[in-house]
Amino acid sequence: MADSVYRAKRPEVTESVAGSGRRTILVVEDDKVAAQFAELNLTRGGYRVEVAGEVAAAMDILATTRIDLVLSDLYLPDMDGYQFFRRMRRENRYRAIPFLVVSSDTRLTTRLVGLEMGVDDFVAKPYEMAELKARIDASIRRLDASRAASQERRYNLAGDYPNNMVLPHFLTTGPLDCTPLSQTQLRFRRWLGIDSGLW
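Residues numbered from 1 in each chain as written. Predicted model: local features only at pLDDT ≥ 70, side-chain atom pairs only at ≥ 80, totals over all residues. Heavy atoms only, no water.

### Focus on the overall build of the chain
Within the chain, the regular secondary structure consists of six helices and five strands. Order of helices (α) and strands (β) in the chain, N terminus to C terminus: β-α-β-α-β-α-β-α-β-α-α. Counting all 199 residues of the chain, 40% fall into the buried class. Residue pairs at least 24 apart in sequence account for 63% of intrachain contacts in the chain once pairs closer than 6 positions are excluded. (Helix = DSSP H or I, 4+ residues; strand = E, 2+ residues; numbered from the N terminus. Buried < 20%, exposed > 50% of the residue type's maximum accessible area, 1.4 Å probe, protein only. Contact = heavy atoms within 4.5 Å.)

The structure is reproduced here in structure tokens:
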């Protein structure tokens, strides 16, 4: 059986990935040549790359490294790529990570199973690196947009209250002489809709 984790000599980076900082891609591929090819070209494209040859090793990397995208072969030694995808989606901390499947099995039924399951993209082997990189960039842009929208929703929900705001007694949990609320309490009360439209 192929080694679980492969490491190739790190090539010089020739271009940077759009956005802030270099992104880390986890390549899960049991074919050593294919793994090294992906690592070499993605690193040249400006990414940091982690490589695993099976799902068990990939899960170890996910647990210890911030991963921005997973690029997984469909057929792996310990489980297939779709099973790996379902396993990741069962854990909250991994649910938002884009997941791309690569495979030489390009039958329509095979592709539809993955897309209907929720994988972000399906890339046929052999692939052109320029196309793969474009698909990766698009997935990461969607992830960034989703994160930005989520942060904006949290900001709008929390509002911008001063820490020392004093509320009328009928909006406090304390005695009737007005009790200062903490920032957390204020945000929670706004989330409940208790204090909306009263000021």
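### Quick word on the pattern of salt bridges
Following the criterion strictly, the structure yields 10 salt bridges and no others. For the salt bridge of aspartate 137 with lysine 133, the shortest nitrogen-to-oxygen distance reads 3.0 Å. Taken together, the positions of aspartate 137 and lysine 133, both in helix α5 (residues 129-158) and four residues apart, correspond to about one turn of that helix. Residue lysine 133 is classed as buried on the basis of its relative accessible area of 18%. One continuous salt-bridge network, built from bridges that share partners, spans Glu29, Asp73 and Lys125. (Salt bridge = Lys/Arg side-chain N within 4 Å of Asp/Glu carboxyl O.)

### Examining the packing of aromatic side chains
Overall, the coordinates contain three aromatic pairs when judged by the stated rule. Between phenylalanine 84 and phenylalanine 99 the ring centres are 5.4 Å apart and the planes differ by 70 degrees, which places this aromatic pair in the edge-to-face class. Taken as a pair, phenylalanine 84 in helix α3 (residues 81-89) and phenylalanine 99 in strand β4 (residues 99-103) lie far apart in primary sequence, 15 residues in all. With respect to burial, phenylalanine 84 and phenylalanine 99 carry one shared label: buried. Between phenylalanine 85 and phenylalanine 99, the aromatic rings sit 5.2 Å apart at their centres with planes inclined by 65 degrees, giving edge-to-face as the arrangement. Pair noted here: phenylalanine 85 is in helix α3 and phenylalanine 99 is in strand β4, with a separation of 14 residues, a long-range link. Taking relative accessible area as the criterion, phenylalanine 85 reaches 4% and is therefore assigned buried. Phenylalanine 99 gets classed as buried once you look at its relative accessible area, which sits at 0%. Members of the aromatic cluster, joined through ring pairs, are Phe84, Phe85 and Phe99. (Phe/Tyr/Trp six-rings, centres within 6.5 Å; stacked < 30°, edge-to-face > 60°.)

### Things to note about the sheet that holds strand β1 (residues 24-28)
Read across the sheet, five strands follow the order β2-β1-β3-β4-β5 without closing on themselves; strand pairing throughout is parallel. Each of the sheet's edge strands pairs with one partner strand only, and the pair in question is β2 (48-52) and β5 (121-124). Neighbour-to-neighbour, the strand axes of this sheet turn through a mean angle of 20 degrees, independent of strand direction. With four bridges joining them, strand β3 (residues 69-73) and β4 adopt parallel strand pairing. Bridge assignment links serine 72 to a residue of β4, and that residue is valine 101. Lying over the sheet, helix α2 (residues 55-64) contacts β1, β2 and β3, oriented at roughly 145 degrees with respect to β2. (Pairing = 2+ DSSP bridges. Axes fitted to C-alpha atoms, helices over the stretch in contact; angles between N-to-C directions.)

### Details of the pairing of β3
Every regular strand shows the same layout, with side chains that alternate between the two sheet faces. β3 sits mainly inside the fold: five of its five residues count as buried. Two strands pair when backbone bridges link them, and β1 and β3 are joined in this way by four bridges, in the parallel orientation. Considered in β3, the bridge of isoleucine 25 is made with leucine 69. Crossover connection from β3 via α3 to parallel β4: handedness right-handed. (Right-handed = clockwise from strand over helix to strand, strands pointing away.)

### Description of the nonpolar core
One recurring pattern in soluble globular proteins: nonpolar side chains tend to sit buried together. In terms of nonpolar packing, the biggest core is built from 23 residues, with Leu26, Leu62, Val70, Phe84, Met88 and Phe99 touching the most fellow members. Listing elements by their share of this core, those giving two or more residues are β1, α2, α3 and β4. At six residues, α2 tops the list of elements feeding residues into this core. Discounting residues that sit within four places of it in the chain, phenylalanine 84 has contacts with Val28, Val55, Ala58, Met59, Leu62, Val70, Ser72, Met79 and Phe99. Ile25, Val27, Ala35 and Leu100 belong to the second-largest nonpolar core, a separate cluster that totals 18 residues. (Core = buried A, V, L, I, M, F, W, Y, C linked by side-chain atoms within 4.5 Å.)

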